[in-house]
Every structure is written in structure tokens, then in C-alpha cells.
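The chain contents come next:
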Amino acid sequence: MTPQTAVRSPTGLAAYFDTLPFLGRLTCERQTLTAGEWTELELVYEVGAVGLADGAWLKLAFKFYSDWALFQTTDPKGANYVSAEYHAGLLIPGQSPATVQALKVRFDQKGHERPFQKAIIIDVVDGYLNPGDRIIIRLGDRRQGGAGTRVQTFVEKAFRFRLFIDPLGSSKFAEVPGDSKLEIVPGAANALQLIAPRLVSPGESFDAIVRVDDIWGNTCRDRNLAGTLVVTAPDGTQRTEIFPFADRDWTFARVSGLSFAQAGEWKLEARLNGEPAVASTVAPTVAYVQSEEGASRALYADLHVHSDDTVGTNDATYNLTYGRDIAGLDVVGYTVNDFNITEANWDKAVEIIHGLNETDRFVCYPGTEWCGNSAAGGDRNVVFLRDGKPRFPFDEAGRSVRSFEWNETTAGTIRPGTWPVDRLHAAYEDDPEGHLLIPHVGGRRCILDWNHPELERLIEIGSAWGQFHWLYTEALARGYRVGASAASDEHQGRCGGGAPGTGTFGSRGGLTGVIADRFDRAGVGSALRARRTFATTGERSFAALWQGQHFMGEVFDVEPETPLSYRLLGHAGWEEVELYDGDRVVWRRNLHAEAGLSERSLRIRFGGARIKDRYRAAYWSGEVAVTGAALLDVRGVGFDHPEQSVWRTGLGKLGFRTATHGDVDGIELTLSDLNDAHITIAADLHGYSKIGDPLQPPPHVHAPEARLEVSGKDLIAKGSVTLDLPGVELRLIVERVTDRPLPRDLGGEISLQELALDPERDHPLFITARQRDQSRIWTSPLFLKPR
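These figures come from a predicted structure and were not determined experimentally.

*Asks:* Pulling in residues and values, what's your account of the overall build of the protein chain?
*Replies:* The helix and strand tally for the protein chain stands at 9 helices and 51 strands. Computed over C-alpha atoms, the radius of gyration of the protein chain comes to 29 Å, within 12% of the 28 Å expected from 2.2 N^0.38 for 787 residues, which places it in the range of a compact globule. Within the protein chain, contacts between residues at least 6 apart in sequence are counted, and of these 73% link residues at least 24 apart. Total accessible area on the protein chain stands at roughly 30,600 Å², and carbon and sulfur atoms take up 48% of it. Mean positive and mean negative side-chain charge positions of the protein chain (84 and 106 charges, respectively) differ by 2 Å.

*Asks:* Give me the sheet that holds strand β9 (residues 134–139): which residues, what numbers.
*Replies:* Strand pairing in a sheet relies on backbone hydrogen bonds. The paired strands run either parallel or antiparallel. Pairing in this open sheet of 4 strands is antiparallel, and the strands run β1-β4-β9-β6 from one edge to the other. Edge positions in the open sheet fall to β1 (25–28) and β6 (82–87), since each of these has one partner strand only. Adjacent strand axes in the sheet meet at a mean angle of 20° when their direction is disregarded. In this sheet, strand β4 (residues 41–46) lies alongside β1 in antiparallel orientation, the contact comprising 4 bridges. For C28, the partnering residue across the bridge sits in β4 and is L43.

*Asks:* Can you break down unusual backbone geometry residue by residue, with the values?
*Replies:* Look at the link from F392 to P393: it is a cis peptide, with omega at 0°. Along the chain, the position of P393 falls in the loop between β24 (380–384) and α4 (421–428). Residues W419 and P420 are joined by a peptide bond in cis, for which omega reads 0°. With respect to the secondary-structure elements, P420 resides in the loop between β24 and α4. In the Ramachandran plot, N80 falls in the positive-phi region, its phi being about 65° despite a non-glycine side chain. Residue placement: N80 occurs in the loop between β5 (57–62) and β6. Assessed through its relative accessible area of 10%, N80 is described here as buried. Here the phi dihedral of D489 falls at roughly 50°; this positive angle occurs in a residue that is not glycine. With respect to the helices and strands, the residue D489 is situated in the loop between β29 (483–485) and β30 (511–514).

*Asks:* Would you mind going over the packing of helix α2 (residues 316–326) against helix α3 (residues 343–356) in detail, with residue names and values included?
*Replies:* Interhelical geometry of α2 versus α3 gives an angle of 25° and a closest axis separation of 10 Å. Put simply, α2 runs roughly parallel to α3. As α2 runs across α3, the sense of the crossing is right-handed. On α3, the residues touching A316, T317, L320, T321 and R324 of α2 are I352, I353 and L356. Of the residues in the contact of α2 with α3, the class split is 5 nonpolar, 2 polar and 1 charged.

*Asks:* Outline the side chain of T228, listing residues and values.
*Replies:* Of note, T228 is situated in strand β16 (residues 226–232). Judged by relative accessible area, which is 13%, T228 ranks as buried. Within polar-contact distance, the side chain of T228 engages the side chain of N273 at 2.8 Å. When residues no more than four places from it in sequence are discounted, the contact partners of T228 are T240, E241, I242, F243, E269, A270, R271 and N273.

*Asks:* Before we move on, can you summarise the packing of aromatic side chains with the specific residues and values?
*Replies:* Counted by the stated rule, this structure contains 35 aromatic pairs. Both rings, one in Y615 and one in Y688, keep their centres 5.0 Å apart while their planes meet at 10°; by these two values the pair is stacked. Pair noted here: Y615 is in the loop between β38 (597–609) and β39 (618–627) and Y688 is in the loop between β44 (678–686) and β45 (705–711), with a separation of 73 residues, a long-range link. Here the aromatic cluster, defined as three or more aromatic residues joined through ring pairs, consists of F62, W68, F71, F107, F159 and F161.

Basis of the calculations
- Think of each chain on its own: its residues are numbered from 1, step by step along the sequence as written.
- Totals for whole chains, interfaces and linings use all residues, but because this is a predicted model, local features are given only for residues with pLDDT of at least 70 and pairs of side-chain atoms are given and counted only at 80 or more.
- Only hydrogens and water are set aside; all other atoms, that is, all heavy atoms of the structure, feed into the side-chain values.
- By the criteria applied, helices consist of DSSP H or I runs no shorter than four residues and strands consist of E runs no shorter than two, each listed in order from the N terminus.
- For this measure, only C-alpha atoms enter the radius of gyration; the expected value for a globule follows 2.2 Å times N^0.38, where N is the number of residues.
- Here a residue-residue contact requires only that any non-hydrogen atoms of the pair lie within 4.5 Å.
- For the area figures, the Shrake-Rupley method with a 1.4 Å probe applies, and any residue is considered shielded solely by the protein chains shown.
- Positive charges are assigned to Lys and Arg, negative charges to Asp and Glu, while His and the chain termini are left out of the count.
- All charge positions are set by atom: Lys at NZ, Arg at CZ, Asp at CG, Glu at CD.
- Any two strands are treated as partners once DSSP identifies two or more bridges connecting them.
- Structural elements are reduced to axes, namely lines fitted to C-alpha atoms, with helices fitted over the stretch in contact, and the angle between N-to-C directions of any two is expressed from 0 to 180 degrees.
- Burial status follows relative accessibility: with a 1.4 Å probe on protein chains alone, a residue under 20% of its type maximum counts as buried, one over 50% as exposed, and anything between as partly exposed.
- Angles below 35 degrees are treated as roughly parallel, those above 145 as roughly antiparallel, those between 65 and 115 as roughly perpendicular, and all remaining angles as oblique.
- Each crossing is labelled by how the near helix is turned from the far one, with a counterclockwise turn of less than a right angle marking it left-handed and a clockwise turn marking it right-handed.
- Residue classes follow a fixed rule: Ala, Val, Leu, Ile, Met, Phe, Trp, Tyr, Cys and Pro count as nonpolar, while Asp, Glu, Lys and Arg count as charged, and any other residue, Gly among them, counts as polar.
- Counting of polar contacts relies on pairs of N or O atoms within 3.5 Å, with two restrictions inside protein: one atom must be capable of donating a hydrogen and the other of accepting it, and residues adjacent in sequence are counted only when both atoms are side-chain atoms.
- Stacked, edge-to-face and tilted are the three classes for Phe, Tyr and Trp ring pairs, Trp counted by its six-membered ring, which pair at centre distances within 6.5 Å; planes under 30 degrees apart are stacked, over 60 edge-to-face, the rest tilted.

What follows is the structure in C-alpha cells.
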């Protein structure tokens, strides 16, 4: 071979390539993070043998439903700043250096495919990278004075960062093998949660659950603690009982064998021994029941719970046992996204569900979430009420009953299955007693153009997505006979009305109260289908509505001479009760006014949502100014997590930040005197930062600003002043409140004759009520038919 034709290559470079993973590797020195902590996290991508071409790009992705604080790339001195830095590797003799000039970083909440949708995107600018080069990705880069990044607020056994690379610059991505896995653990003990039945009969034995939570609502783990239970009788006498918490896994205790001999309101208080900084918690429990209410005890159900076999957090066993042991649920409906579950994972989940189901202790149902787009009917949960193998993912004839099938391993084109919702109805209408379909508002909100009266017996009006009073009233106004239900729609591993996250799931999850004759699958299923239910915003409140012998959920001929009766049991005091006839308020009680309005106390309330569809939250931020009176005290009401707050900014001045997803938050003010006061509220309203710079969130286009000025004299004269805003029940209210305690146990009668109902049409009558902490409850309707 002549010198002109000799083969040339950098000596040893090919052998070096052979030592590298072809697509590279992603590493992180940290293995554990604390939920909600502020930190700087460094991940390193070592370029593999493939190299990265000029124009290539990378995506460091994580699951969309994580509420990790949104990353920003415009302010290096600010919080949650993310950066990427190029480090050249060693060169083999004869090897040319890489030519990359820069790395450009951006953040996109939907930058990749479900479930790894949130993505830090890194573009290679003007040049290529060599194998062995490194890219250092700093989340919460603190080098220029930033605060770091706020970690996801809920625990997860294996939080994953997954790296996708486009090595050829062709926009065809490959997954780098080996996710960076982190365990997110609970923080320090912050509060006790005590869960007990809200209504029991005298002498009935029951258990109470006490758990220790961190500031974000995660139950602590592996803590060697003891507690004291204080039981206060209606006459004020007390007894105490010391109990140990479990010292492994979840820090909780089940205090068994409690019973009350005397009717009235009993109070249970839990204290953490030796930990004065951890607040005690009180749960009022009423040992009394009226015969008209038909049962001695309401069961509490969460019929909409996800796990990591689709888009939830942690596995099925974790979520279900959390519901039973930590959330103290009586009934759980386990839900899988129908298009996303593999048949093997479904079969395994059903086996776990059947194994945990236990008569008189814990009723557990398998279920699916039919995930049709809103244009095809929108989300419906399917709860399989019978024992045995559910009719999913195929019916007995082998026909698919999925909306469609798509998951991370699906190859080829997405093909429709059971689509639109008419065909979902058709799949189960031959056995309505064995199935319960629940339309709901999640990401793909249900559209009420579709309704099957035998299958769709309940409607979900509250979840971690928000509160949807408007959905309930719309369904009833259309003539649909649906009862009230609420659930968590839990994606974060905390079912049973658990703590909200700070992102899309920013509302408290709900619960369905079930008045069942028997505590087993058949008895609970029958009660659900009979609409013997009420819905709460996550609390163990109680509500019942009846007329004579007819209980909520029933359809019957109107009895004009017989009054309606209602009973409400709460914890924070009932401030408002309303009776609706479909979508119309026909009767109301204002308990603040009944107790006597204060001459110096008022409340500012923010409520509603921007839109009915996904990303509905209204993000409020602004200022309150009080002149003409001294501002003596201020406190937040209804705030869902530590990042929603109110603070003093000066004399008579406040700043506030919160978000409402159909729920209501508030600020209570105590002034030296209301008569000469002048209150000004100025708020900016923003939407969800789906795209763009999180430091510049998009304004609510229909109402970017809200401003309300109220004089004390007007407030004394009118009681309240309301500014209605474009949106869904979106409003700003200033109102007088009472200084006196509000009733926790409330009942009464409502005369039908005084309501002047149209005798020629049906009337779906239901009660909704609100407590002082802005928790809420809804009964199922009484469906009154004209005679």
C-alpha cells in the first residue's frame, strides 16, 4: 500500500467508542430528596458513542403530573433557574475537538410524550459533540444567587428523570437507557390528622385513625413516636388513652374499640407526645342518628384512584392500602385510564383489588376511566360492582371496550375502540345493576349531550381537579336524574381527600358519603346506584335530605303538605345553606347573619375558575389596602398549601397569592372599626403556564385584572359586595362575618308551599352548604314529580 492510500484514524478511538454506551448515560449523585424541599440538583449526561450532530437536541423529561416547581431560563438569580453547561472530554491523539458553540435551554410543560411530558429541552448550537463529552444540567442553579428549585411536594418511591436524545439532528428521539431514579420522602412531622366516623350509634364500636403528616400532607415514615387520645363527652368530662404509632413504614395508629354510650357531640383530640411543635387535631363525632336517615353510619368512598400502572404515583397495593389504613376510607374505586393500561397490569390490579376487598371493613371495586375526548362525550368512570372478572379490556365476545389503546410500548397507529360514548353505554347497558358510570370533569371534561339514565346514576362534582357545582346544576337542569359524588381523581398517591399539589391538581380531593344498608360490595353498590349519597370536598362531613319517608336519591310524587327535612354535621361551623331546584336557588340560610354580624370583622373571598376545560385554575395575586381603620388581625381561609398565603406589606396593606379551581379561598380581616373603613382590593388574574416563561404567566384574557373598592358604610348597609368576573363562577366578594361560633350540627325543615314550585313539572331539589373554612357539601336530590 502506497503512502497516498494508507488508512488514517485516531489511534485507539474506535476502541474507546466501544467502552461507551451507544446512546450515552445519565447520572445523578443524589438518591433521595425531601418532598417540597429547596435544593440544587445536578444531573450529568455523558455523550455516548453515537455523538451528537450539529443541530441535535436533548430532552430531560419527567411526568406531567409532578408538581415540581416550574423551571425558568430567563433569570439566573431567580428561583427554579435551570442551566446546561458543556464540558469537553479528553481527546485521543489525532481526534478533532468538538465544535459546539453553545447550549440553549428552554422548558416546555408538554415537550414530550405522555407520561414524560414535562421537558427541559437543550439545543446544540453551531457544532457537534464528541463521545465522552458531558453536559451538566443544573436544576435550581444557585451559582448566581438563586434560591434553588422546589422539589415535588408529594412522596414517590421512584421519581424518574428520563433523557431522550436526537443524535442526528433529525427530530427522531431515542431514549437513553437507565432513568435517573430518586426517592422522594416525607419531611419533618408538622401536623396530626385524626379520622373517625362522623356519625355512629350509641354503643356502636368503631376505630379511629391518627397519622403524622409533614407540611405538604405526606404521612411521615419510620418514626418511633407515641400519642395521646383525649375523648371529651357531651357533658365535658374527659378520658385519655396513650397509644403507639407504627415505628416502621407509615407513621400512623389505629385506635380500636371506641364506643359512645351517650347521645350528643363527642370530641376526639390527638396529641403527639413530646412534640409540642406538632399541632393537635380535633375530630367531632356525633353519637346520634335519626330514624329517617335510614342508617346508623355513613360510609366514605373515593371512587376514582389512580396508580403508576397508568398515570398515578406508586403502585396499586400502595394506593389501595393507603386508602384503607392511612386515609381511613370505607370504599375505594380503583381507576385505570382505559387506553393506557396493559392487559397484564389490569389482571394483576384486579387480583390485588379482590384480595383486599373485605366485608364490613373495606369495600374495593375495580374500575376504568373511559378517556374519550370531549367531542366524543368526554371522561366517564366505569365502576364494576360485581365480584369476579370485570368486562374489560374485552367483553365475552372478545370485542374491545377501550376508548382506544395507546401506551409507551404501543407500535403503529392509534385505532378507535369503543368510541364515541354511545358505544360505551351499549357495552354495559345489558347489566346496569353490575355497572356504575360516573361522568366527570378531569382533563377531558364530560359533555352532557350524552346520558344513559340506567348506567349514569351519579355525577362527580368535586375532585383534585377542582369543584364543579356548575356541572351538577347543568345535568339536573337537563332533566338527568343523577346524584352527588366526589372523589380524589388521585394521581399523587394520597387518595381519600388528600392534600392538594401545587400544579394541575391544586384542589382538595373529594369524598362520596354513602348511606348503605350493608357494608359489602353488593350493599354499597346498591346504595350508589340508588343515589343514597352526598359529596364533600374531602372532609368527613355529613348531609341528609328527606321528605317524610322519602330519602335523597328517590323519585316520587310530590307531597305539598309535608316539609323537607335536612341535617348537616360539620367541623368548622356551617355558614351558608342553599336549596336548589335544578340550577336555581329557591331557599337560603345565612348563618353569619343569624348569629349576628360583627361591627369590625369582614372577609374577602376569591372563587371560581377561568374555564370549564383543562388548565381551568384562576391564579390570583395582588394587594389589599385598608384606610380609615387599624388592621388588627388577618388570616387566610381555605388556602390549600403553603405556597398560597397572605402577608403584611405595610401599615394597613397586605399582599396575597392563591389559586382557585372552582373552589373558594379567603382572607378574614379584623379592624378597629368598620364604619369609617375603606377597603381596596387589586388583583391580577393569570392562567396556567402551559408554555412560555413561568415568570411571565399568561393573563386571564377575559379578566386580566380585578379591582374592587368598598366602604365600611356600604358594607354595613348591604352585608356584602360582589364583583362577578368572566369565567366559571369566577368572582371577588367582600362581606361581613360574625365573631360568634357557627353551628357544627344543623338541621331544620323547609316548607314546600313557601317555595311556590311549578306544579306542572319535575323538581330535583338538593341542598348544598358551606363551612367557615370554605369546605363544602352537596346532597343528592329528591326528585319530586307532579301529581
